[in-house]
Amino acid sequence: MCGMPQQPPVRSTPARPSRPDASMSLLNNVMDHSLDDGYAEAAARRKAAGAEGMPKTVRAKLGLAVGLVLAALVVTVGAAQARISAPVVAKEREELIDRIQEETAAADELEDSVDELRDDVSARQRKALKDDGGSDGDDLVGILSGAVEVHGPGVRLVVNDAKGAGQGGDGDPRETSGFSDTGRVRDRDMQRVVNGLWESGAEAVSINGQRLTALSAIRAAGDAILVDNKPLAPPYTVLAVGEGQRLSTTFQNSPDGLYLHALQENFGIRTSISVEDDIKVPAAPSVIVRTAEPSTEKGTS
């Protein structure tokens, strides 16, 4: 009997039973993989990094310690050397001071000897003038040459540094002309003062007891003013014998007197001038002429 072919029976695959907790997979994953593992892994990494960095920290600390030890050693050695050399330096300093004092004393003795010899020469010169006649002409020569002490009316001029005059002088207009500061009297100031007095009619001039002659020189050595190589200290007292009031007026109106007034106004140099009835000017220590010779009446030597 023919009939319709029969199809093989279709087997149905039995459905896999679903887990009752399938909807809680995320929570299950969190429960299955605890966060403690992550913390443990991070802790392990930090521990490894710390183990690798430890030697660097130790090396740095050791280097710092070695540096401190070396610095302490250097300081200790320096202090020890200073203590050892201190007595030697002190001894050398004392020896140097003793030598300076000895040389200073020797220089003072030589200066005293020079003054004595100058006085002796001056006395012999005066005696020679008297032995040759002692005329008025000879006396005049002695006065003009500074070989004898003189007295008479004149002026007393005192020149002093400005109050608080110090060293330096940066930016000082006087510095460009060789001055060390604004308020210090210089040798060129005294040169102009003396020359102004001579031109105004002074017949004899001295500075701090040092008689000026035709051979005198006013120079500077550092901050000191020298007159014939003798140092003078301020205030500088200038004595000039001449016609008192006339000498004072003429000098103050002269270019050199105006120069001194400008120093007083602009730089604080202290000055005072007074007229006196009798002024004594000492004789010069010595007047030595090496080249000049007296002329005969016919003009031949």
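Residues numbered from 1 in each chain as written. Predicted model: local features only at pLDDT ≥ 70, side-chain atom pairs only at ≥ 80, totals over all residues. Heavy atoms only, no water.

### Side note on a negative patch on the surface
A surface patch of like charges, here negative, comprises Glu92, Glu94, Glu95, Asp98, Glu102 and Glu103. Assignment of secondary structure puts Glu103 in helix 2 (residues 36–131). For Glu103, a relative accessible area of 57% puts it in the exposed group. (Patch = residues over 30% accessible without salt bridge, like charges linked within 9 Å, V, L, I, M, F, W, Y side chains within 5 Å. Areas by Shrake-Rupley, 256 points an atom, 1.4 Å probe, with all protein chains shown as cover. Salt bridge = Lys/Arg side-chain N within 4 Å of Asp/Glu carboxyl O. Lys, Arg positive; Asp, Glu negative; His and termini not counted. Charge placed at Lys NZ, Arg CZ, Asp CG, Glu CD. Helix = DSSP H or I, 4+ residues; strand = E, 2+ residues; numbered from the N terminus. Buried < 20%, exposed > 50% of the residue type's maximum accessible area, 1.4 Å probe, protein only.)

### What about the side chain of Asp161?
When you line up the elements, Asp161 lands in the loop between strand 1 (150–160) and helix 4 (187–199). Of note is the side chain of Asp161, whose polar atom sits 2.7 Å from the backbone nitrogen of Val185. Among residues more than four places away in sequence, those in contact with Asp161 are Gly183, Arg184, Val185, Pro234, Ile269 and Arg270. (Polar contact = N/O pair within 3.5 Å; in protein donor to acceptor, adjacent residues only side chain to side chain. Contact = heavy atoms within 4.5 Å.)

### Side note on the sheet that holds strand 2 (residues 204–207)
The sheet built from five strands is open, its strands ordered 3-2-7-1-8 with antiparallel pairing. Sheet topology places strand 3 (210–211) and strand 8 (270–281) at the edges, where each strand pairs with a single neighbour. For strand 1 and strand 8, the ladder comprises ten bridges, and the chain directions are antiparallel. Within the sheet, the bridge partner assigned to His151 lies in strand 8 and is Lys280. (Pairing = 2+ DSSP bridges.)

### Brief notes about a nonpolar patch on the surface
Among the surface-exposed residues, Val66, Leu70, Leu73 and Val77 lie close enough to one another that they form a single nonpolar patch of about 350 Å² accessible area. Within the secondary structure, Leu73 is located in helix 2.

### Digging into the pattern of salt bridges
Under the defined criterion, the tally for this structure stands at four salt bridges. Where Asp256 meets Arg192, a salt bridge forms, and the shortest distance between an N and an O atom there is 2.9 Å. Of the two residues, Asp256 sits in helix 6 (residues 255–267) while Arg192 sits in helix 4, which places them 64 residues apart along the sequence. By relative accessible area, which is 10% here, Asp256 ends up buried.

### Quick word on the pairing of strand 5 (residues 224–227)
The two faces of the sheet receive side chains in turn, since in a regular strand these alternate between them. In terms of strand pairing, strand 4 (residues 218–221) meets strand 5 through four bridges, oriented antiparallel. Paired with Ala220 across the bridge in strand 5 is Ile225. As defined by bridge partners, strand 5 adjoins strand 6 (residues 230–232) across three bridges and the pair is classed as antiparallel. Bridge pairing in strand 6 places Leu226 opposite Pro231. The turn linking strand 5 back onto strand 6 is made up of two residues, and Asp228 within it adopts a positive phi angle of 55 degrees.

### Notes on the packing of aromatic side chains
Using the criterion set out here, one finds zero aromatic pairs in the structure. Across the ring face of Tyr259, the terminal group of Arg192 is positioned such that the distance to the ring centre comes to 4.2 Å. (Phe/Tyr/Trp six-rings, centres within 6.5 Å; stacked < 30°, edge-to-face > 60°. Lys NZ or Arg CZ within 6 Å of the ring centre and 35° of its normal.)

### Side note on the nonpolar core
In terms of nonpolar packing, the biggest core is built from 26 residues, with Met190, Leu197, Ile207 and Val238 touching the most fellow members. Counting only elements with at least two residues in this core, the list comes to strand 1, helix 4, strand 2, strand 5, strand 7 (236–241), helix 5 (244–253) and helix 6. Setting aside anything within four residues of it in sequence, one finds Leu197 in contact with Val155, Ala202, Val238, Ala240, Leu247 and Phe251. Val150, Ala204, Leu239 and Val241 belong to the second largest nonpolar core, which has six residues in total. (Core = buried A, V, L, I, M, F, W, Y, C linked by side-chain atoms within 4.5 Å.)

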